[in-house]
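Listed below, chain by chain, are the residues.
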Amino acid sequence: MLDPRLFRTELDFVKAQLARRNFAFDADAYIALETRRKDVQVKTQELQNQRNSNAKAIGQAKAKGEDVQPLMNQVAALGDELKAAETELTRIQAEMDSIMSGIPNILDEAVPAGKDEESNLEISRWGEPRQFDFEAKDHVDLGAQLKGMDFELGAKITGSRFVVLNGALARLQRAIIQLMLNTHTEEHGYTETYVPFLVNADSLRGTGQLPKFEADLFKASSDPDLYLIPTAEVPVTNIVRDVIIEAKELPLKFVCHSPCFRSEAGAYGRDVRGMIRQHQFEKVEIVQIVKPEDSARVHEELTAHAETILQKLNLPYRRMLLCAGDTGFSSAKTYDLEVWLPAQGVYREISSCSNFKDFQARRLQARWRNPETGKPELVHTLNGSGLAAGRTLIAVMENYQDADGRIHIPEALLPYMGGLTVIS
RNA sequence: GGAGGGAUGGCCGAGAGGCUGAAGGCGCUCCCCUGCUAAGGGAGUAUGGGCUUUAUCUCCCAUCGAGGGUUCGAACCCCUCUCUCUCCGCCA
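Residues numbered from 1 in each chain as written. Chains lettered and ligands numbered in written order. Predicted model: local features only at pLDDT ≥ 70, side-chain atom pairs only at ≥ 80, totals over all residues. Heavy atoms only, no water.

(A) A look at the sheet that holds strand S8 (residues 244-246). Here 3 strands make up an open sheet; going across it, the order is S8-S14-S15 and the pairing mixed. With one partner strand each, in any of the chains shown, S8 and strand S15 (376-378) form the two edges of the open sheet. Averaged over all pairs of adjacent strands, the angle between strand axes in this sheet comes to 40°, irrespective of strand direction. (Pairing = 2+ DSSP bridges. Helix = DSSP H or I, 4+ residues; strand = E, 2+ residues; numbered from the N terminus. Axes fitted to C-alpha atoms, helices over the stretch in contact; angles between N-to-C directions.)

(B) Looking closely at the sheet that holds strand S9 (residues 252-261). Strand order in this open sheet of 8 strands is S1-S11-S12-S13-S16-S10-S9-S4, and the pairing throughout is mixed. The open sheet is flanked by strand S1 (121-126) and strand S4 (191-192), the only strands paired with a single partner. In terms of strand pairing, S1 meets strand S11 (residues 317-321) through 5 bridges, oriented antiparallel. The residue of S11 that forms the bridge with Arg125 is Arg318. Across the face of the sheet, helix H8 (residues 167-186) comes into contact with S4, S9, strand S10 (280-290) and strand S16 (380-388) while running at roughly 5° to S10. (Contact = heavy atoms within 4.5 Å.)

(C) Spotlight on the packing of H8 against helix H13 (residues 389-399). Direction vectors running N to C along H8 and H13 enclose 115°, while the axes themselves pass 9 Å from each other. With respect to H13, the axis of H8 lies roughly perpendicular. Of the two possible hands of crossing, H8 and H13 adopt the one that is right-handed. Taking contact as the criterion, the partners of Leu169, Leu172, Gln173, Ile176, Ile177 and Met180 in H8 are, on H13, Ala389, Gly390, Thr392, Leu393, Val396 and Met397. Among the residues forming the contact of H8 with H13, the class breakdown is 9 nonpolar, 3 polar and no charged. (Parallel < 35°, antiparallel > 145°, perpendicular 65-115°, else oblique. Left-handed = near helix turned anticlockwise from the far one by under 90°. Nonpolar A, V, L, I, M, F, W, Y, C, P; charged D, E, K, R; others polar.)

(D) Examining the side chain of Glu34 more closely. Position of Glu34 among the secondary structure elements: in helix H3 (residues 27-63). What Glu34 contacts, discounting residues up to four positions off in sequence, is Arg8 and Met96.

(E) Spatial organisation of the protein's contact with RNA strand B. Contacts to RNA strand B come from 22 residues, most closely from Lys38, Gln48, Arg51, Ala55 and Arg367. Between RNA strand B and Asn49 there is a distance of 3.0 Å, counted from a phosphate oxygen to a side-chain nitrogen or oxygen. Looking at which element gives the most residues to the surface near RNA strand B, the answer is H3, with 14 residues. Considered class by class, the residues forming the surface near RNA strand B number 8 nonpolar, 6 polar and 8 charged. (Near = heavy atom within 4 Å. Polar contact = N/O pair within 3.5 Å; in protein donor to acceptor, adjacent residues only side chain to side chain.)

This is the structure in structure tokens:
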């Protein structure tokens, strides 16, 4: 959610910024509605004021034992008018709320123009893609050969885009998760959290998935509606919903491993092969709640925390700054980390690290008490995958394969593999 | 799943149709007192919104778990929902 004051005072700026995202914003309609809101709100509050002072006068007259009938007659007409005004105000506010909650965040100045991933900007590159003296297999072939990755079984049990991992590959994924959790807690100062994987609609509104992106979510048929989390970002960031945090508590740093569930209706036809795009996958998420002045610096740090995992696994990657058209709805600035996948010879997204600034915080009413003003002010929220575990599994398999299709365990994972050094 | 109790400010807790945005206590902040510590005295201490060119104060509106209703007037009465506690049942 953007600051409504920004719309009142700097409408041209807002229009220009939203245009960068190709977001069509009907400023005239907005102004008309806002003008109406102001009129109706002022009128409503005046009527409420009248009602309150009338009621008070009646109360006082009654206490003195005076006849209240003349006063009662006087206020009789007020009720209907007030009710009508209140109804109208509620309707207008709901309409404005619906418009506001559909407007994306304003992009950081550093975000390059562009309509899709073609315009993303490469910031840095780490590691050298390994030269293979044989034809590198992709994770699907490797997984089948090792009898540790079964998509048909996933389809039988549930449906398409689900997988069953078995034996050493299942353990390898767990080892990857362990490495990530231990690194972020022990080296980067994050607090490990365990959260619900089903969340209510308020939580999804808080982080920006609702109302616009319901089609991407799995909804449980319960009363009230609950949704499977698309990322741990949702429950973890909602820890601070409706909370005023003391300045000395900041920054809050959480790391959370969770399964993620994405319906992604309409995504069929893209990345159909293998574990790249599944309805369910494992991810380790890092989240920070910070003072506004710190968020730009923390965004760099948090991205570096995710990069640490790739470096420990010695996986070549590059850091991309997403362009305007590719940056998510709630984000002001996003870095994607893309890992090298040798079978396809491409870099593929394995982490997305975003600075939401106060966009989520405003929806969440997540605030801190600024000691300088003594007032509650919005915090900034950030998060990043640190990393997507399923895709990390793929990357390890493909980058650490040998000519026989065996997987050599990266050194950083050896402590978690119970003595296993090669999966064959 | 069944029966019953509860939800009020940072915390505890009074309040049972009108002068209650809310007694009292604790905590916190500032001031006074004090050689230091302790004790004591005084003042302040919810959030969102509106109006205003902006800011601050005053002012106005809303909020006592959430949403409806009754009423001139609701923390208080009625209905629905959520959460929570106790007991019973079931259970990893």
